[in-house]
Structure formats: C-alpha cells, structure tokens
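Tertiary structure, described
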Amino acid sequence: MERTFVLVKPDGVQRGLIGEVIARLEKRGLKLTAAKFLAVSNDLAEKHYAVHKGKDFYPGLIRYITSAPVMAMVWEGTNAVAVVRQTMGATRPWEAAPGSIRHDFALEVGRNLTHASDSVENAQAEIALWFSPTELVEWQRCS
Ligand code: CMP
C-alpha cells in the first residue's frame, strides 16, 4: 500500500484548517498512519526543502516554515501520492482545481496551506526524515 507525507503548514494551522485537511483526506478514503504537531527546527526545514536551496524564495520559505507549528502526517492508500496531491490542488493556488483545498482556501503560493510529497521516492524520503519507524502505526479497518 502506498504512503505519502503531508504537512499542514503554519498558515493552515493558524487559520484553523488542520481539521478540514484531515477530514478531506479521511473522506477521500485514505488512512492516517502517523501524525505529530511540532515546531520545525532550522535543521529539519533545511533538510526538507534542500531541493529549493538557492532559489529566490528559499530564505523566506525557511523563515516561514519555522515561524509557527505544523502538523506532520503520513497517509496511506491506493495511489496515495497522486490522490493526496489532487486533493490539495496545484502548488500555485490560482491554478488549483475547483474543490481542491488550495482552490477553496488559498491565494498565495507562499501561503498554500499544505505540503504533499510529489513522488513515491520523495514520500519515502520525507517520511523517513520526519518520522521514526516506531511512529508509523499499522492498523486495519474492521470489515
Ligand atoms: P511546498 O509543496 O511546501 O514545496 C515548496 C514550497 O515553496 C511550495 O509548497 C510553496 O509554498 C513555496 N513556493 C514555491 N514557489 C514559490 C514562490 N515563487 N514564492 C514563494 N514560495 C514559493
């Protein structure tokens, strides 16, 4: 079963949208595997966003993600990476499909509420960066 990594970023937490994000992912049929609410250290932020180092928005991105708590999660399901990205909508909110979280709640690319892994490989790396193996909970729905 595929797993992916999701962050509700500081703007999502501060606007009270953690529950909205979780509700949409649950209703989509995905299964929560791990979750934690934390303040992001500079070290973790720089590792998570290493691919963006050198871009003009990178310093602001690091300042922003370390500015207030985030909700980090792992979600599981068939094609979880693609399904979660679709539920979030395009990175640039003005390009996000109607009905997606970013379409419905965001305007600015730098305040786009959530982060979601963009490939299975990156999901595995991001899950390993943010969670220890013992924090991932294996569980089954009752049939
Ligand atoms: P995220 O999915 O967290 O991955 C990298 C983040 O960089 C992205 O969401 C955006 O929030 C942010 N980002 C991308 N492009 C820009 C930009 N041009 N200006 C500010 N932030 C950006």
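Residues numbered from 1 in each chain as written. Predicted model: local features only at pLDDT ≥ 70, side-chain atom pairs only at ≥ 80, totals over all residues.

1. Thoughts on the nonpolar core
One finds Val6, Val8, Val70, Met73, Trp75 and Val84 to be the most contacted residues of the largest nonpolar core, which totals 29 residues. Residue contributions to this core peak at 6 residues, all from strand β3 (residues 70-77). With near-sequence residues (within four places) excluded, Val84 lies in contact with Thr4, Val6, Leu25, Leu30, Trp75 and Ala116. (Core = buried A, V, L, I, M, F, W, Y, C linked by C-beta atoms within 7 Å. Buried ≥ 20, exposed ≤ 12 C-beta atoms within 10 Å, placed from the backbone. Helix = DSSP H or I, 4+ residues; strand = E, 2+ residues; numbered from the N terminus. Contact = placed C-beta atoms within 7 Å.)

2. A look at the UniProt feature "domain: Nucleoside diphosphate kinase-like" (unreviewed entry) in the chain
UniProt annotation of "domain: Nucleoside diphosphate kinase-like" (unreviewed entry) refers to residues 1-138 when read in the numbering used here. Note that residues 1-138 is 41% helix and 19% strand, and that its end C-alpha atoms are spaced 11 Å apart. (UniProt positions renumbered as here; feature names shortened; annotations may be inferred.)

3. Some remarks on the pairing of strand β1 (residues 2-8)
Counting buried positions over the 7 residues of β1 gives 6, a clear majority of the element. The pairing of β1 with β3 spans 7 bridges and is classified as antiparallel. Looking at the pairing, Glu2 lines up with Gly77 of β3. Across 3 bridges, the pairing between β1 and strand β4 (residues 114-116) is antiparallel. What sits directly across from Val8, in β4, is Thr114. (Pairing = 2+ DSSP bridges.)

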